[in-house]
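# Fold and geometry: a report
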Amino acid sequence: MRIVAGEFRGRRLAAVGKGDPGAHLRPTTDRVRESLFNTLNGGRFGDPIEDHRVLDLFAGTGALGLEALSRGAAHVTLVDDGRVAGRLIRENIKTLDCRDRAKLISSNATRLPAAEAPCGLVFLDPPYGKALGEKALEAARSGGWIAPEALIVWEESAAQDAPEGFSLLDHKRYSDTWVTFLEAD
């Protein structure tokens with residue numbers, strides 16, 4: 001798994017292998033990540049990355065948030081409470097030497113601490129089929145993590161409806177992953 005474009009282009013990220021204790025993590029593949037970022041950079045959603053603060057909920061390896069950082073985000077906060085995920089994220093932050101622009105919060109994404117500053121871009125990649133996405137969005141909103149008109153990029157196994165306080169912008173399918181694009185009201 002590698003960073004696809006930007007400042008860290010081509011840099012390899014730590015990930016789990018088959019049989020590893022964290023093998024339940026399912027990082028967004030390079031191909032899906034590249035397609036997703038092509039959509040984000042295509043202009044339809046303005047410029048959701050450049051100089052924005054980014055929140056990556058259920059971050060796993062941190063690939064989505066770190067890709068955004070590579071492509072010009074000002075700061076990324078990566079949230080995951082998994083032991084293996086935390087180790088991988090710390091390793092990836094160290095590998096990219098971006099400690100000054102990346103922060104790991106070892107917390108359940110549905111019970112977030114208060115934000116230091118709101119984020120203009122939120123990646124949400126909960127475990128599929130466990131109804132955690134809406135709970136995490138509510139926790140992020142309540143904690144001050146989501147800026148007005150922030151773009152939410154929600155990965156799931158099926159297209160999602162917009163929860164209260166968000167407007168549906170689009171759905172896109174990438175292989176077996178559905179991405180729902182929302183805007184914070």
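Residues numbered from 1 in each chain as written. Predicted model: local features only at pLDDT ≥ 70, side-chain atom pairs only at ≥ 80, totals over all residues. Heavy atoms only, no water.

## Some words on the pairing of strand 1 (residues 53-57)
This is how the line gets drawn: Throughout, exposure labels follow a simple rule: accessible area from a 1.4 Å probe, protein chains only, divided by the maximum for the residue type, with under 20% read as buried, over 50% as exposed, and the rest as partly exposed. Think of it this way: any DSSP run of H or I at least four residues long counts as a helix, any run of E at least two long counts as a strand, and we number them from the N terminus. In this analysis, strands are considered paired if DSSP registers two or more bridges between them.
With respect to burial, strand 1 is a largely interior element, four of its five residues being buried. The pairing of strand 1 with strand 2 (residues 75-79) spans five bridges and is parallel. Bridge pairing in strand 2 places Asp 56 opposite Leu 78. By the bridge criterion, four bridges tie strand 1 to strand 4 (residues 119-124) in an arrangement that is parallel. Bridge pairing in strand 4 links Leu 55 to Val 122.

## Overview of the packing of aromatic side chains
This is how the line gets drawn: Pairing of aromatic side chains here covers Phe, Tyr and the six-membered ring of Trp, requires ring centres within 6.5 Å, and sorts the geometry by plane angle: under 30 degrees stacked, over 60 edge-to-face, intermediate tilted.
On inspection of all chains with the given rule, the structure shows two aromatic pairs. Residues Phe 37 and Phe 123 carry aromatic rings whose centres are separated by 5.8 Å and whose planes lie at 50° to one another, so their mutual orientation is tilted. Note that Phe 37 is positioned in helix 1 (residues 30-41) and Phe 123 in strand 4, a separation of 86 residues in sequence. With centroids separated by 4.9 Å and ring planes inclined at 25°, the aromatic side chains of Phe 45 and Phe 181 adopt a geometry described as stacked. Here the residue Phe 45 occupies a position in the loop between helix 1 and strand 1, and Phe 181 occupies one in strand 7 (residues 177-184), the gap between them amounting to 136 residues. There is no split in this pair, since Phe 45 and Phe 181 are both buried.

## Notes on a negative patch on the surface
Applicable threshold: By definition, no residue in a patch forms a salt bridge, and every one has over 30% relative accessible area; like charges are joined within 9 Å, nonpolar side chains (Val, Leu, Ile, Met, Phe, Trp, Tyr) within 5 Å. Each accessible area value is a Shrake-Rupley result obtained with a 1.4 Å probe; residue values ignore everything except the protein chains displayed when judging cover. Salt bridges are defined as contacts in which a side-chain nitrogen from Lys or Arg sits within 4 Å of a carboxyl oxygen from Asp or Glu. Positive charges come from Lys and Arg, negative ones from Asp and Glu, while His and the chain ends are left out of the count. To locate a charge, the coordinates of NZ of Lys, CZ of Arg, CG of Asp or CD of Glu are taken.
A cluster of acidic residues, Glu 134, Glu 138, Asp 161 and Glu 164, forms a negative patch at the surface. The topology assignment puts Glu 134 in helix 4 (residues 133-142).

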